[in-house]
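# Architecture at a glance
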Amino acid sequence: MQTNHPTTSTRRLPDIRGARRVAIVLSVAGALVLAGAVHAAAQPASKTRVTVIGDSVTASFDYIPAARNYLGKGLDLHSDAVVCRRLVVTSCPFHGSTPPTALQVIGSEGHLLGPVVVINVGYNDWAAVYDVDRVMRALRAAGVRTVVWVTLREAGPYASVYAQSNARIRRADKTWRNSLVLADWNRYSRGKAWFREDGLHLSATGAMGLARFLRPLVLSGAAS
């Protein structure tokens, strides 16, 4: 019995149209993935929010833009510094208004403060009401991870009062060692010609000095 085998002329070749369609789909998908990766790489990484809460000394950042820009480079920096601010007790009036205390700012801003907060308040306070622990509890409740607390410059007629407040900051540094970073401005600024007549408020050079002093501490907090 003769068996008929298909000849070359009648043998069906593989249908490559499906393979071509698959290759095209894979090529398009790859291009889309690559485009997405390029787009993602082009998007700036989200910046860490850092809030500075201060009084008139820190307000120098508002009129010395170079100092503010230096401190805030690469960060989402928010500065809330006003004349006559106090830490916890009612602030002193200025030009017909009374600014919110540092504690009130923390309560109103809450999680909007970000993970890093700088506290540079106390030149309008007296030591008996300078309640660092109360403010630290409020900051922790607001989700703040790192608090950079700036010591007060012990100069002028109230130098002894500022020294007592600084002692409270240092005690709190031991209590809150996992979240409070002591920024010893009093020591760092000693002997510097950075100040106005009262020895407290900053010249343009002093504002830059404060920004340079704070920046590594803020960056370290943002990275932790």
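What this report covers is the structure whose coordinates are included nearby. Quick caveat, the model's predicted, so the values are computed rather than measured. (Residues numbered from 1 in each chain as written. Predicted model: local features only at pLDDT ≥ 70, side-chain atom pairs only at ≥ 80, totals over all residues. Heavy atoms only, no water.)

## So, the packing of aromatic side chains
In this structure the tally under the stated criterion is eight aromatic pairs. For the pair Tyr 188 and Trp 194, a centre-to-centre distance of 6.1 Å together with 45 degrees between the ring planes defines the contact as tilted. Judged by its relative accessible area of 35%, Tyr 188 is partly exposed. Taking relative accessible area as the criterion, Trp 194 reaches 13% and is therefore assigned buried. Linked through ring pairs, Trp 185, Tyr 188, Trp 194, Phe 195 and Phe 213 together constitute an aromatic cluster. Across the ring face of Phe 195, the terminal group of Arg 153 is positioned such that the distance to the ring centre comes to 3.8 Å. (Phe/Tyr/Trp six-rings, centres within 6.5 Å; stacked < 30°, edge-to-face > 60°. Buried < 20%, exposed > 50% of the residue type's maximum accessible area, 1.4 Å probe, protein only. Lys NZ or Arg CZ within 6 Å of the ring centre and 35° of its normal.)

## A word on unusual backbone geometry
Positive phi outside glycine occurs at Cys 84, with the angle close to 75 degrees. For Cys 84, the location among the structural elements is in the loop between strand S2 (76-81) and helix H4 (102-109). For His 95, which is not a glycine, the phi torsion comes out positive at approximately 50 degrees. Inspection of the secondary structure assignment puts His 95 in the loop between S2 and H4. Classification of His 95 as exposed rests on a relative accessible area of 73%. (Helix = DSSP H or I, 4+ residues; strand = E, 2+ residues; numbered from the N terminus.)

## Brief notes about the environment of Ala 211
Among the structural elements, Ala 211 can be located in helix H8 (residues 204-223). Classification of Ala 211 as buried rests on a relative accessible area of 0%. Between the C-alpha atoms of Ala 211 and Arg 68, which are 143 residues apart in sequence, the distance is 7.0 Å. Among all residues touching Ala 211, those that are not within four sequence positions of it are Phe 61, Ala 67, Tyr 70 and Leu 71. (Contact = heavy atoms within 4.5 Å.)

## Focus: the environment of Thr 48
With respect to the helices and strands, Thr 48 occurs in the loop between helix H1 (17-42) and strand S1 (49-54). Thr 48 gets classed as partly exposed once you look at its relative accessible area, which sits at 22%. Measuring from C-alpha to C-alpha, the distance between Thr 48 and Pro 115 comes to 7.5 Å, with 67 residues separating the pair along the chain. Residues within four places of Thr 48 in sequence aside, it is in contact with Leu 75, Asp 76, Pro 115 and Ala 222.

Function cannot be read off these values alone, since they describe shape.
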